[in-house]
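# Structural description and commentary
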Amino acid sequence: MLPTLRQLQYLKLLVEHGGFGKAAEAAHVTQPTLSAGIQELEKILGAPVVDRARSGLILTAVGEASLAKARIILNEAEELVQAARSSGQPLTGRFRLGVIPTVAPFLLPKALPLLKARFPQLRLYLREDLTQRLIAALKAGALDAALIALPFDMTGLDCAHVADDEILAALPAGHRLAGQAWTRPSELEDEDLILLEDGHCLRDHALAACGLRPPRTGEASASFAATSLPTLVQMVGSGLGVTFLPAMAVEAGVTDGTAIEIRSLQADHPTREIVVAWRSGSIRGAEGRLLAESLREA
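Residues numbered from 1 in each chain as written. Predicted model: local features only at pLDDT ≥ 70, side-chain atom pairs only at ≥ 80, totals over all residues. Heavy atoms only, no water.

Our focus in this paragraph is the overall build of the protein. Counting its secondary structure elements, the protein contains ten helices and twelve strands. Relative to its length of 298 residues, the protein is extended, with a C-alpha radius of gyration of 24 Å against a globular reference of 19 Å. Its C-alpha atoms give the protein principal-axis dimensions of about 75 × 50 × 30 Å. Here the analysis covers contacts within the protein between residues at least 6 apart in sequence; of these, 72% occur between residues at least 24 apart. A total accessible area of about 14,800 Å² is found for the protein, and carbon and sulfur atoms account for 52% of it. With 29 positive and 34 negative side-chain charges, the protein shows a spacing of 8 Å between the two charge centroids. (Helix = DSSP H or I, 4+ residues; strand = E, 2+ residues; numbered from the N terminus. Rg over C-alpha atoms; globule rule 2.2 N^0.38 Å. Contact = heavy atoms within 4.5 Å. Areas by Shrake-Rupley, 256 points an atom, 1.4 Å probe, with all protein chains shown as cover. Lys, Arg positive; Asp, Glu negative; His and termini not counted. Charge placed at Lys NZ, Arg CZ, Asp CG, Glu CD.)

Within a regular strand, the side chains alternate between the two sheet faces. Among the nine residues in strand β12 (residues 271-279), seven count as buried, and that is most of the element. When strand β6 (residues 157-172) meets β12, the two strands line up antiparallel, connected through nine bridges. Counterpart to D164 in the pairing with β12 is E273. (Buried < 20%, exposed > 50% of the residue type's maximum accessible area, 1.4 Å probe, protein only. Pairing = 2+ DSSP bridges.)

Moving on: the pattern of salt bridges. This structure, assessed with the given rule, holds 13 salt bridges. One salt bridge in this structure joins E287 and R284, with 2.7 Å as the shortest N-O distance. Among the residues examined, E287 registers a relative accessible area of 6% and is labelled buried. One network of salt bridges, in which partners are shared, links R96, D144, R284 and E287. (Salt bridge = Lys/Arg side-chain N within 4 Å of Asp/Glu carboxyl O.)

Let's shift gears to the confidence of the model for the protein. Predicted confidence across the protein gives a mean pLDDT of 88, with 94% of residues reaching 70 or more. Mean pLDDT across the elements of the protein bottoms out in strand β9 (residues 225-226) (76) and peaks in strand β5 (residues 145-150) (95). (pLDDT = per-residue confidence, 0-100.)

Moving on, we come to helix α5 (residues 104-118). With 15 residues, α5 extends 20 Å between its outermost C-alpha atoms, agreeing within 8% with the 21 Å of an ideal straight helix rising 1.5 Å per residue. Largest kink in α5: about 35°, centred on A111, with the proline P113 one to four residues after it. Buried within α5 are the following residues: A104, F106, L107, L108, A111 and L115. In this structure, the buried residues of α5 make contact with β3 (93-99), β4 (122-128), β5, α8 (229-237), α9 (247-251) and α10 (285-297). (Expected span 1.5 Å × (residues − 1). Bend = angle between axes of the 7 residues up to and from the residue.)

Structure below.
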């Protein structure tokens, strides 16, 4: 015998709500019905999935493993239903899209009105987060697609191109390099280089595109980092150092009203590639490609 989707849903709700009573309410069944479903699941698996302690429910090792698989299976089942309902009418109903912070505030304001006009039945749920966490959620089935920047490890994923985003040098007004039309990356090696915190892919993209090493621990600039592009802009505008900014952010006005000079980099392909990514083999891959096409227009 195999577990049913309903039994897996009972397990998921039990963990989310921390008790049989609240889980039964969420499942719209009686508590004895939910308890019987969990007991049947344990019988099929041949091991208990929860310990019923006085302090509350505690997942067993089997329960932890079962819950992880249950989430994937339930997400796949939901995806199947969504795809079937939208067959012939792509991008209708729920679509869960992850977006990295260095893209979301600059592309989405232009893209969302276009998507709403083109796909009026689309219910777009957005999650902004760092690339690694979005990819983990994507592979776990918690997202249908993610708008990220390459290069990045795309094992198990497919993607569609949206845009090439140039990486630019940002200098304080009056900086010795601000008078040049171009900035060579080698000229920035001796500058106080301020970057986004570890985990932001733009940090790695900028350094790789320019062939620069990250500031070493102990260097003056190593203790300075920003959690967002607006903060990074303020730090550079205050004269604390130099940095790199994506062209889409500059075009969106992130440096407007600041004492910052923007210069192109004299380097081979100083760009990052913006893509829509989805799980390889996902039945929503065609919608991912259609979404990328619409985002390209925005």
